[in-house]
Amino acid sequence: MTIKHRILIIFIKFFKLFPILFGRKFYWEFMSAFIENLKCVYVATVGCDYCKFRIISNLTYFRAKTLLTKEPETIRWMDSFPKDSVMLDIGANIGTYTVYAARICRAKVIAIEPSPPNYATLICNIAENSIEDRVYPICAAAGLDTKFSQLHRHYGGIVAGGSGVIFDSNRINDNEIINQIDKIYSMGISIDHLLDFPGIPFPNYLKLDVIGTQDDVLNGALKLLSDERLVGAMIEMPEPDDSKFQICMSIVKDSGLMECENFKSDNPTEFFFVRS
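Every value quoted in this text rests on a predicted model; they were computed, and no experiment measured them. (Residues numbered from 1 in each chain as written. Predicted model: local features only at pLDDT ≥ 70, side-chain atom pairs only at ≥ 80, totals over all residues. Heavy atoms only, no water.)

Asker: Give me the lowdown on a nonpolar patch on the surface, citing residues and values where you can.
Answerer: Together, F14, L17, I20, L21, F22 and F26 line one region of the surface with nonpolar side chains, adding up to about 630 Å² of accessible area. The element that contributes the greatest number of residues to the nonpolar patch is helix 1 (residues 3-22), accounting for five residues. Among the structural elements, L21 can be located in helix 1. (Patch = residues over 30% accessible without salt bridge, like charges linked within 9 Å, V, L, I, M, F, W, Y side chains within 5 Å. Areas by Shrake-Rupley, 256 points an atom, 1.4 Å probe, with all protein chains shown as cover. Salt bridge = Lys/Arg side-chain N within 4 Å of Asp/Glu carboxyl O. Helix = DSSP H or I, 4+ residues; strand = E, 2+ residues; numbered from the N terminus.)

Right under this line is the structure:
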């Protein structure tokens, strides 16, 4: 055990003794004020600029510190956007790539995220980076159609920065079911329905990162996928041996998009597409 871990354990034990030493009333008054005023913000340097992220869990810290290294090809892809392009970020999580696209690339971003703790942190990160006029945040799950259904969550889905939620299903792939902790009702919306709303800009780029429901999301976005105003996409596909892999590939390619040779990821499920 490192010295840092020992100090952390002592710190946590000290706080657990607070109610005994000072009484529960003082404990709650102190803790509520402490939490309200505690503002942990990680600054990720990007060239001569920066992106700022609110840190409220280990996962939010991980996502912030790996902004440029977790998916370097996605960063390079976003760097290719012309100024004032519009990116649709489905599965935005806490907004690491939403913030990068809006602040660094000067794009507009429609950020869709169904997980309440992720969405709350996304809103904080939008404010931290002063990009309120460039981001359209939506707390909903993209899907086949517009409806209320259950959002199945495992541990990662109840912690800010986690990615363990599936809408209207508990199946991750052909062979795996989510290790579910709970489920809550959530709004689901098809992308084609969403883009009919007044005030929503039309996307030029699509970034899709969800688990288990890629086929539903793509089938709910057929008009978007076939529209020539959409010029590129980055899609996290199902595993290549999953039955939904070829289904998703066919949907995308039948819409007039083809695999892009300029961007290649080491991740076997991450694919880049360009209008053919």
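Asker: Hey, could you go over the packing of helix 4 (residues 72-79) against helix 5 (residues 96-104) for me, with residue numbers and the actual values?
Answerer: As a packed pair, helix 4 and helix 5 sit with axes 10 Å apart at the nearest point and diverge in direction by 30 degrees. With respect to their mutual orientation, helix 4 and helix 5 come out roughly parallel. Considering only the axes of helix 4 and helix 5, their crossing is right-handed. Residue-level contacts link T74, I75, M78 and D79 of helix 4 to Y97, Y100 and A101 of helix 5. Within the contact of helix 4 with helix 5, the residues separate by chemical class into five nonpolar, one polar and one charged. (Axes fitted to C-alpha atoms, helices over the stretch in contact; angles between N-to-C directions. Parallel < 35°, antiparallel > 145°, perpendicular 65-115°, else oblique. Left-handed = near helix turned anticlockwise from the far one by under 90°. Contact = heavy atoms within 4.5 Å. Nonpolar A, V, L, I, M, F, W, Y, C, P; charged D, E, K, R; others polar.)

Asker: Just give me the short version of the state of the cysteines, but keep the residues and values in it.
Answerer: Among covalent bonds in proteins, the disulfide is the one between the sulfur atoms of two cysteines. This model, assessed by the stated rule, comprises zero disulfides. Lacking any disulfide linkage, C48 is separated from the closest cysteine sulfur, that of C51, by 13 Å. By relative accessible area, which is 90% here, C48 ends up exposed. Free of any disulfide, C124 has its nearest cysteine sulfur in C40, 12 Å distant. Exposure remark for C124: the relative accessible area of 25% places this residue in the partly exposed category. (Disulfide = S-S within 2.5 Å. Buried < 20%, exposed > 50% of the residue type's maximum accessible area, 1.4 Å probe, protein only.)

Asker: Provide a residue-level description of the pattern of salt bridges, including the pertinent values.
Answerer: The tally for this structure, following the rule as stated, stands at 15 salt bridges. Close ionic contact of K147 with D145 constitutes a salt bridge, the shortest N to O distance being 4.0 Å. One salt-bridge network, held together by shared partners, links K39, R54 and E128.

Asker: Break down the packing of aromatic side chains for me, with residues and values.
Answerer: Applying the stated criterion across every chain, the model contains 11 aromatic pairs. Between Y42 and Y61, the aromatic rings sit 5.8 Å apart at their centres with planes inclined by 70 degrees, giving edge-to-face as the arrangement. Linking Y42 in strand 1 (residues 41-46) with Y61 in helix 3 (residues 58-65), this pair joins segments that are 19 residues apart in sequence. Taking relative accessible area as the criterion, Y42 reaches 27% and is therefore assigned partly exposed. (Phe/Tyr/Trp six-rings, centres within 6.5 Å; stacked < 30°, edge-to-face > 60°.)

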